[in-house]
Amino acid sequence: MRGRRKTVIAVVKSNKMDKTVVCEVERLVMHPKYKKYIRKKTKLYAHDPNNECQIGDKVLLMETRPLSKLKRWRVVKKL
């Protein structure tokens, strides 16, 4: 059995490419000196085989093998 694949919930920011969506994951990180939480954003490129995701959709992404230079995630479902 293969290792468990990571899943994240992200928001679609761009769907201009064919079968690819750009998603954004937001996380809270504590500042080491000021002990204040800061919002950090990560941009992920995900495979969307049916071109069904629209900008603003919440999607569940799953880690997968490299599909191109930047794509390492795929859309499992829209939430």
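All values derive from a computational prediction rather than experimental measurement. (Residues numbered from 1 in each chain as written. Predicted model: local features only at pLDDT ≥ 70, side-chain atom pairs only at ≥ 80, totals over all residues. Heavy atoms only, no water.)

Peer 1: Mind showing me how you'd approach the pattern of salt bridges here?
Peer 2: Once their charged atoms are close, side chains differing in charge can pair, the charge on each being opposite to the other. Across all of its chains, the model carries 3 salt bridges by this definition. In this structure, the salt-bridge partner of Lys13 is Glu24, at a minimum N-O distance of 3.7 Å. Of this pair, Lys13 sits in strand β1 (residues 7-14) while Glu24 sits in strand β2 (residues 20-30), and the two are 11 residues apart along the sequence. Take Glu24: its relative accessible area is 26%, and that puts it in the partly exposed class. Put simply, Arg39 and Glu26 hold a salt bridge, and the shortest N to O gap is 2.9 Å. Here Arg39 is found in strand β3 (residues 37-47), whereas its partner Glu26 is found in strand β2, with 13 residues between them in sequence. (Salt bridge = Lys/Arg side-chain N within 4 Å of Asp/Glu carboxyl O. Helix = DSSP H or I, 4+ residues; strand = E, 2+ residues; numbered from the N terminus. Buried < 20%, exposed > 50% of the residue type's maximum accessible area, 1.4 Å probe, protein only.)

Peer 1: Quick question: what am I supposed to make of the environment of Asn15 here?
Peer 2: Of note, Asn15 is situated in the loop between β1 and β2. On the basis of relative accessibility, which here comes to 25%, the residue Asn15 falls in the partly exposed class. Distance in space between the C-alpha atoms of Asn15 and Ile55 is 6.6 Å, their sequence separation being 40 residues. Not counting chain neighbours up to four residues away, the residues in contact with Asn15 comprise Thr20, Val21, Cys53, Gln54 and Ile55. Only 3.1 Å separates the side chain of Asn15 from the backbone oxygen of Cys53, close enough to count as a polar contact. (Contact = heavy atoms within 4.5 Å. Polar contact = N/O pair within 3.5 Å; in protein donor to acceptor, adjacent residues only side chain to side chain.)

Peer 1: Which parts of the structure should I look at to understand a nonpolar patch on the surface?
Peer 2: A cluster of nonpolar side chains, contributed by Leu28, Met30 and Tyr37, occupies part of the molecular surface with about 340 Å² of accessible area. Along the chain, the position of Leu28 falls in strand β2. Under the relative-accessibility criterion, Leu28 is labelled exposed at 56%. (Patch = residues over 30% accessible without salt bridge, like charges linked within 9 Å, V, L, I, M, F, W, Y side chains within 5 Å. Areas by Shrake-Rupley, 256 points an atom, 1.4 Å probe, with all protein chains shown as cover.)

Peer 1: I'm lost on the pairing of strand β5 (residues 73-78) in this one. Help?
Peer 2: The side chains of a regular strand alternate between the sheet's two faces. Across 2 bridges, β3 lies against β5 in parallel orientation. Along β5, the bridge assignment pairs Ala46 with Trp73. (Pairing = 2+ DSSP bridges.)

Peer 1: I keep staring at the environment of Ala46 and nothing clicks. Help me out?
Peer 2: Within the element layout of this structure, Ala46 appears in strand β3. Each C-alpha atom of the pair Ala46 and Leu67 lies 9.1 Å from the other, and the pair is 21 residues apart in sequence.

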